[in-house]
Amino acid sequence: MTHDTRRDFLRAGSLGFLGMGLPRYLAAAPAASAKVKSVILFWLEGGPSHIDTWDPKSNSNFKPISTNVPGIQISELLPKMAKKMDKFALIRSMHTRGNDHPQATHYVITGHEINPAMQFPSIGSMLTKELGPRNAVPPHVLVPKWERGRQYEDYFRAAFLGGDYDPMCIPDPGKPDFQVTDLSLPKTVSQAAVDSRSAFLKAVDRRYRALNETAEHTDMDAFSAQAMKMILTPAVRDAFDLSKEPDKLKERYGKDSIGQSCLLARRLVEAGSVFVTAAGYHGTSWDTHSDNDKSHRDRLCPPLDRTLVTLVEDLEERGLLDSTLVIAMGEFGRTPHINPALGRDHWPNCWSLALAGGGIKTGQAIGTSDERGANVTNRVVSMGDLYASVYKLMGVDWTKEIMSPIGRPIKIANSLEDKTGEPLAELFG
Amino acid sequence: MRVLVLLAAIAAYGAPKLVKLQTVPASAALHGAKSGQQFLAIATYSDGTEADVTAAANWSVSNAAVARVTPGARVSPVADGGTTVEAAVDGVKARSVVKISGSAEVRPFQFARDIGTILTKRGCNSSACHGGVKGRGGLKLSANALFPKDDYEWITRGGTYQVLSAEIQGERTPRVDVKEPERSLLLRKPLMAVAHGGGKRLETDSEDYRTILEWVRGGAAYGSGERLASLTGLEIYPPLAAMPVAGARRLLVTARFSDGHMEDFTNQVLFSSNNGDVATVSADGVVNGKALGETAILIRAAGQVTSVGVGVIGPVIAQYPVIPRANFVDDSILAKLRKFQIVPSELSGDGEFLRRVCLDLTGTLPPPERVREFVALRDPKKREKVIDALIGSPEYVDYWTFRFSDIFRVAIFANGLTPKFSQKYWEWIRENVASNRPYDEVARERLSAQGYGAASRHFIPYNQIGPAADVMAEEVRVFMGRRLDCAQCHNHPYENWSQDQFWGMAAFFGRLFKAGPVVFDHPTNMDFSSKDVDGKVELLHPRTKAPVAPVLLDYSPLEPRADGNPRKDLARWMTSHPYFAEAAVNRIWGYFFGRGIVDPVDDFRSTNPATHPELLTALAADFQKSGYNLRHLMKTIVMSRTYQLAHTPNATNASDVTNYSRSLSRAIEAEVLLDAVVAVTGVPETFATSVLEGGAVGQAPAHTRAINLKDPDMYFSRFLELYGRPNRGAIPERSGKPNLSQALHMLAGATYVDRLSAPGSRLRTLLERGAANASIFEEFYLAALGRSLDKDELAELTGLVAQRGDREAALREFVWALISSREFAENH
């Protein structure tokens, strides 16, 4: 009966009140022996055309070019990446579900199809829960938050895992007035004010809490202490402070939302974040239902090429590349054929993504598609397989199932046909 | 005072006297040579408590030629006829009547009953073993023998079940061996004669072993039992068991059959405790109290699961006070509290009651002047009057529109991608709330909606018709409180829902289609119907891949309809089913108490029993009688003494969280909390949007309340996100749990900083008026907490202001503390 768990919960809470236990959030992070500590998801919203980027085909209007890895060619739209292909692993045989943006985004971010009966936690939330926070820095961050609609943002959230594992969604660092709210006290609030507030709060709540001490109350006390610590720890605020980065590096990343989000992601993983989604492509979506070629050539691929390569170089220069896995992907690929508006439509059946860092074996392309990039011809890779690989890299048991509140077991690496994903052996070579 | 009186009463507790003895059951009819009946002797004592004295009693029968009774009170037949069975304890006697017929008859073998009982009782088909979704070790059995024909197939023909395909995996080697019955895998496995992951489950000298062996020897037929009556339900005595720590109660299980006859089934079920720390249960149904608390004992028979509540209670209260009742709601609540020796808290104070009822009925805090008026009013009917004033008020309409917009999922993404669509849906809900339309009518319109009207918006998330399985599962969860989802991919692992039933129900929504293209903002160019135009059934069964026709959950037949909309039949069936009223009253109850009688409110299942089953039934019956009148239901709930109890606990109820012995604190919803912050500080919130609404772009009209925002995905609010506003992409489940971001926002966020003493704020107005500190405190306490501050609080706050040096800063910090406090953020 549910009240039994509730009762246990209250019991745990009362220990907390005596200072004998704190919420898991504040507990020391589990000893992760794995070398990989962080993931940066470079989110290519809208879905890049795989045949015009990482899996060039004759039905693309762009030429394939050779890379610094013999035998691997990519589109001419990614010249910088071609020179650094030894630092990347491509997967050209992604096969996923969801033929429209909400469904597909939900699917690749949670590993599950949308179900009105329940919300699933995102990969970032599951990883954050498994690994715990480091250095008081927010462990799960999404940058920038969406300006219109919060549906997509919700897919990145923790669902039943709880608010601690929701991403902290912050404004666009590419904007001149970029500032992260709630991480520093407003100038109008002095230290004296903070102390006085605490004294007043104790006075106001004393009578009520004497009658009624719940686990939620003690949790809130612990969160308040943690919040205070974050606000008063300069390192936390600094992690969000891009003014500390040299202008030259900002230029290399690109002084726009795309570049600055990735730069901020690097600062955050350096400071201790576990999962950062760099989603600077919001405004310039890869959803090229019209003018596919022009968009890829002029608007989309140049910043991808620039920022992704800079991110990997920067991580390497700082010695963070082996401990940080970079995933660059959208929610699906695009159709092999061009539509009457000169665009390409959605294509979850077969698409590509790029991986770097994390100590994986790079300089390889995993899986193949047919001559038009329409179907996987060799080595179907599911979302569950990708998740399993990420978990394995980070020392998490990918076969684990977590229980939803109604007792439905949820695979943390959910593959196709109700199977558990398998780590891609090629990455661990 | 009350606490002292109670303690005195407990201390006065002496040795109680036996005042009444009763034998259970009062009568029994035994049929057949192998029939039998366990009897119990129940003693009632002078302090009102009960105890099972079966073992201490002397048992006898009046006619030994007809029946015999063991010292343990088990009666079995000797010959046809009648007799009484008598128990005697300390000279007190009680008796029951026993009738015996067919004493020479042997019931024909029934696979479903005879083998099903063994598989269930020995745990073979539990959901952790072979009854799990995929089975175990290659053998799949239906959980609790719900599907005996499938079980028969796997046992006698062999092979391995697959979840996602009707194809049989592996060799079909029978698990029985008719030529050498002792070599049957069905016996050798549980005997551990061959390796068995489930360990030893059977002994060769057991009755069950002999039953299986005889069955296999006889050719392992399914049996002629199909013509016999089938098991339709289980009745448990006592229906609610209370005992002290180290006390014991024996359960009697009686099976009800389709022909109306009853049989003692105590020896043919599997007992298990939901919480062995509170109470354990033996294989023969004796419950032992281990620690104070409440749990349930689950009882599994072949094809049936039920449960019984168990309370392990504290010391008996010698003079349990008389608690007045306000209406029928209180009857079952007070009866259970008495049984569990918990005394409810006092009636709430007026201010406490007013804040609670205003929040629960209208999502709005009462302003200070209303609190003063109400507290001062000397009218014995003032609570009812204020309830009548609140129900149906504009704030009531706002609030219940908001709550039903949650359950019915009003959101741009969920209703077709443009605000116009979701707003139409919102307006439809609002009209229904404003006119107090009967809830069954609302449900029927929503379930059978056709065309592109407001009520059908929820069928088109993302502007695509939702998958039939999802739509159906949502409707059943919203209107019947059941979660069928598990049965989508396989028979439900522990409920009586089969995958076939699931898809039969889903098929009602499998013929929805859009006629014509969608053009945004021109909804009339699109039709939305379930007309079966070409006779094509859209939905395929995922395992058999065969087309599925609509079938009601209870398999009752459907007549083809001239208008081609079978959802009308579905809607009529759903709203007339007892589940509908139960689910509705439980959901509404949950809103007023922070937990459902079944909790979570939409998770009715045999393994999640109601805390007060009679109350649920009574509320449902009353709701139905009222014509599914939601306002009537709400008034009934808030008029009860149970709802109006105080928050302050006493010595007996401080740890009670399930029995409504006091008003428990519950988190206020994000939207209501933000509105409350606005109300207390006096500074409105502006909600920015990038979507056009009512001609205004950029922000919602000034003074719009958070509960009146139509689409949660249309307006941004950091506060609302942090406090758990759901996006309604799935049926919302608000947890109300605190998180780190809330703490950060409280410290540094705009909601808690900018408005404290802004121009026009409550604080600024009071300061400008020259109010003294004490009256400023008083005003804020009334506004935020619905109560005055006490002397100690006044002294402490006054001291803090003086200590701070800067009066205005101190008062600002006081306001911050008030809106950051737990007392403010919770309803209690």
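Since the model is a prediction, treat every value here as computed from it, not as a measurement. (Residues numbered from 1 in each chain as written. Chains lettered and ligands numbered in written order. Predicted model: local features only at pLDDT ≥ 70, side-chain atom pairs only at ≥ 80, totals over all residues.)

1. As for the overall build of chain B
Point 1. When you go through chain B residue by residue, the secondary structure sums to 27 helices and 26 strands.
Point 2. For chain B, the C-alpha radius of gyration of 31 Å lies close to 28 Å, the compact-globule estimate for 828 residues.
Point 3. Dimensions of chain B along its principal axes, counting C-alpha atoms only, are 95 × 80 × 50 Å.
Point 4. The 828 residues of chain B split such that 48% are buried. (Helix = DSSP H or I, 4+ residues; strand = E, 2+ residues; numbered from the N terminus. Rg over C-alpha atoms; globule rule 2.2 N^0.38 Å. Buried ≥ 20, exposed ≤ 12 C-beta atoms within 10 Å, placed from the backbone.)

2. Focus on the overall build of chain A
Point 1. Per the secondary structure count, chain A includes 12 helices and 16 strands.
Point 2. By the compact-globule yardstick of 22 Å for 429 residues, chain A fits well, its C-alpha radius of gyration being 23 Å.
Point 3. Each of the 429 residues in chain A was classed as buried or not, and the buried ones make up 53%.
Point 4. Expressed as a percentage of contacts within chain A between residues at least 6 apart in sequence, the contacts between residues at least 24 apart total 72%. (Contact = placed C-beta atoms within 7 Å.)

3. A few points about the interface of chain A and chain B
Point 1. The partner chain B presents 62 residues to the 61 residues of chain A that form the contact.
Point 2. Those elements that place two or more of their residues in the side of chain A that touches chain B are helix H1 (2-17), helix H5 (151-155), helix H6 (191-211) and helix H7 (215-232) of chain A.
Point 3. Residue contributions to the side of chain A that touches chain B peak at 13 residues, all from H6(A).
Point 4. Along the lines of polarity and charge, the residues of the side of chain A that touches chain B split into 25 nonpolar, 17 polar and 19 charged. (Nonpolar A, V, L, I, M, F, W, Y, C, P; charged D, E, K, R; others polar.)

4. Considering the domain arrangement of chain B
Point 1. Each assigned domain of chain B is listed with its residue range as follows: domain 1 (16-101), domain 2 (111-227), domain 3 (231-313), domain 4 (438-576) and domain 5 (762-827).
Point 2. Taking only C-alpha atoms, the centre of domain 3 of chain B and the centre of domain 5 of chain B are 54 Å apart. (Domains from an automatic or database assignment.)

5. Details of the confidence of the model for chain B
Residues and elements named next belong to chain B.
Point 1. Per-residue pLDDT for chain B averages 88, and the proportion of residues at 70 or more is 92%.
Point 2. With pLDDT under 50 throughout, residues 1-13 is counted as low confidence; its partners more than four residues away or in other chains account for 20 contacts.
Point 3. Residue range residues 516-537 is modelled with pLDDT below 50. Its contacts to residues more than four positions away, or to other chains, number 41 contacts.
Point 4. For this predicted complex, the interface confidence score (ipTM) comes to 0.84, while the overall pTM stands at 0.81. (pLDDT = per-residue confidence, 0-100.)

6. Description of the sheet that holds strand E16 (residues 270-273) of chain B
All names here are of chain B.
Point 1. One open sheet accounts for 4 strands, arranged E12-E20-E19-E16; its pairing is mixed. Pairing within the sheet leaves two strands with one partner each, and these edge strands are strand E12 (240-244) and E16. Strand-to-strand twist across the sheet, computed as the mean angle between neighbouring axes with direction ignored, equals 25°.
Point 2. Two elements, E16 and strand E19 (residues 293-301), share 4 bridges in a ladder whose sense is antiparallel. Along E19, the bridge assignment pairs Leu270 with Arg300. (Pairing = 2+ DSSP bridges. Axes fitted to C-alpha atoms, helices over the stretch in contact; angles between N-to-C directions.)

7. Section: the packing of helix H16 (residues 578-593) of chain B against helix H18 (residues 630-639) of chain B
Residue and element names in this part refer to chain B.
Point 1. Running from N to C, H16 and H18 cross one another at 45°; their axes reach a closest spacing of 10 Å. For the element pair H16 / H18, the angle class is oblique. In the packing of H16 onto H18, the handedness of the crossing is right-handed. Of H18, the residues touching H16 (which contributes Val585, Ile588, Trp589 and Phe592) are Leu630, Leu633, Met634, Ile637 and Val638. (Parallel < 35°, antiparallel > 145°, perpendicular 65-115°, else oblique. Left-handed = near helix turned anticlockwise from the far one by under 90°.)

8. A few points about the sheet that holds strand E5 (residues 50-52) of chain B
Residues and elements named next belong to chain B.
Point 1. One open sheet holds the 3 strands; their spatial order is E1-E4-E5, and the pairing between them is antiparallel. Strand pairing shows two members of the sheet lacking a second neighbour, strand E1 (18-24) and E5, which therefore form its edges. The mean inter-strand angle of the sheet, taken between neighbouring strand axes irrespective of direction, is 25°.
Point 2. Bridge count for strand E4 (residues 40-45) against E5 is 3 bridges, and the pairing is antiparallel. The residue of E5 that forms the bridge with Ile42 is Asp52.

9. Some thoughts on the environment of Leu185(B)
Point 1. Turning to its location among the elements, Leu185(B) is positioned in helix H4 (residues 185-191).
Point 2. Residues Leu185(B) and Thr173(B), 12 residues apart in the sequence, show an inter-C-alpha distance of 9.9 Å.

10. Points about unusual backbone geometry
Point 1. Along the chain, Val24(B) connects to Pro25(B) via a cis peptide bond; the corresponding omega equals 0°.
Point 2. With respect to the helices and strands, Pro25(B) occurs in the loop between E1 and strand E2 (27-31).
Point 3. Cis peptide bonds are those with omega within 30 degrees of zero, and the linkage from Asp599(B) to Pro600(B) qualifies with 0°.
Point 4. Position of Pro600(B) among the secondary structure elements: in the loop between H16 and helix H17 (613-625).
Point 5. Even without being a glycine, Ala159(A) presents a positive backbone phi close to 45°.
Point 6. On the secondary structure map, Ala159(A) appears in the loop between H5 and strand E6 (168-169).

11. Things to note about the pairing of strand E1 (residues 38-43) of chain A
Residues and elements named next belong to chain A.
Point 1. A large share of E1 lies buried, amounting to 6 of its 6 residues.
Point 2. Taking every second residue as pointing to the same face, both faces of E1 are buried, with Ser38, Ile40 and Phe42 on one and Val39, Leu41 and Trp43 on the other.
Point 3. Pairing analysis gives 6 bridges linking E1 to strand E8 (residues 324-329), with the strands arranged parallel. Across the sheet, Trp43 pairs through a bridge with Met329, a residue of E8.

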